[in-house]
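Each chain is listed here by its residues.
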Amino acid sequence: MTQHSDAQREQARGNGVAHAGQFGHQAHTPPADFDPGTTTTGVHAYPLSSEPLDGEVTISDDGEDQECVCGNAAVGDGYWLDADPDGKIDPDRQQSTEDADHAVCPKCGRVYENGALFKALGSSAPAVARYDVASPEFQTARQAYEDEIF
């Protein structure tokens, strides 16, 4: 490791979260209005995926089931990771009713705003970011969430 990468790692330890672009360019195929380096809402708690930021979550009429385009659903074996307004996965946000909080699909890394989910009963809501689920930062946060919740 170089001194520069050591310094980056130490800087990231300050809050336990790496920021988009912190460990080099994160390739991403953005929609036309996407600002590279952030997301449409500024969510950047973990490295972004190189997969396209496409897809939606479909919400049942009663709001009990939310199914991501990847097939993960709240009903059955699926579940969602709860995240704060910055997109940081946080088990203390479980079942949050705050519009500014987020739901993260643990299977594909798509991030959805709670406010959009609440307004989309019987409809769908777009993803606002997509995390790299293979990144060590995401995997560590997911495991810590699962250890506390399950």
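Located above this text is the structure these notes cover.
Residues numbered from 1 in each chain as written. Predicted model: local features only at pLDDT ≥ 70, side-chain atom pairs only at ≥ 80, totals over all residues. Heavy atoms only, no water.

Caption draft 1: Fine view of the sheet that holds strand β5 (residues 110-113). If you walk across this open sheet you meet the 4 strands as β3-β4-β5-β7, and the pairing is antiparallel. Each edge of the sheet is formed by a strand with only one pairing partner; in this case those strands are β3 (81-83) and β7 (129-130). As judged from the 2 bridges shared by β5 and β7, these two strands associate in the antiparallel manner. Residue R110 lies in a different strand from β7, and its bridge partner there is R130. (Pairing = 2+ DSSP bridges. Helix = DSSP H or I, 4+ residues; strand = E, 2+ residues; numbered from the N terminus.)

Caption draft 2: Structural view of the sheet that holds strand β1 (residues 56-59). Strand order in the open sheet formed by 3 strands is β2-β1-β6, with antiparallel pairing between adjacent strands. For this open sheet the edge positions go to β2 (66-68) and β6 (124-126), each flanked by a neighbour on one side alone. Direction aside, neighbouring strands of the sheet carry axes that sit 25° apart on average. Strand direction decides the pairing type here: β1 and β2, joined by 3 bridges, are antiparallel. Paired with I59 across the two strands is Q66, which belongs to β2. (Axes fitted to C-alpha atoms, helices over the stretch in contact; angles between N-to-C directions.)

Caption draft 3: Highlighting the pairing of β5. Both strand β4 (residues 102-104) and β5 contribute to a ladder of 3 bridges, which runs antiparallel. The residue of β5 that forms the bridge with V104 is V111. From the end of β4 to the start of β5, which pair antiparallel, there are 5 residues, and G109 there has a positive phi angle of about 85°.

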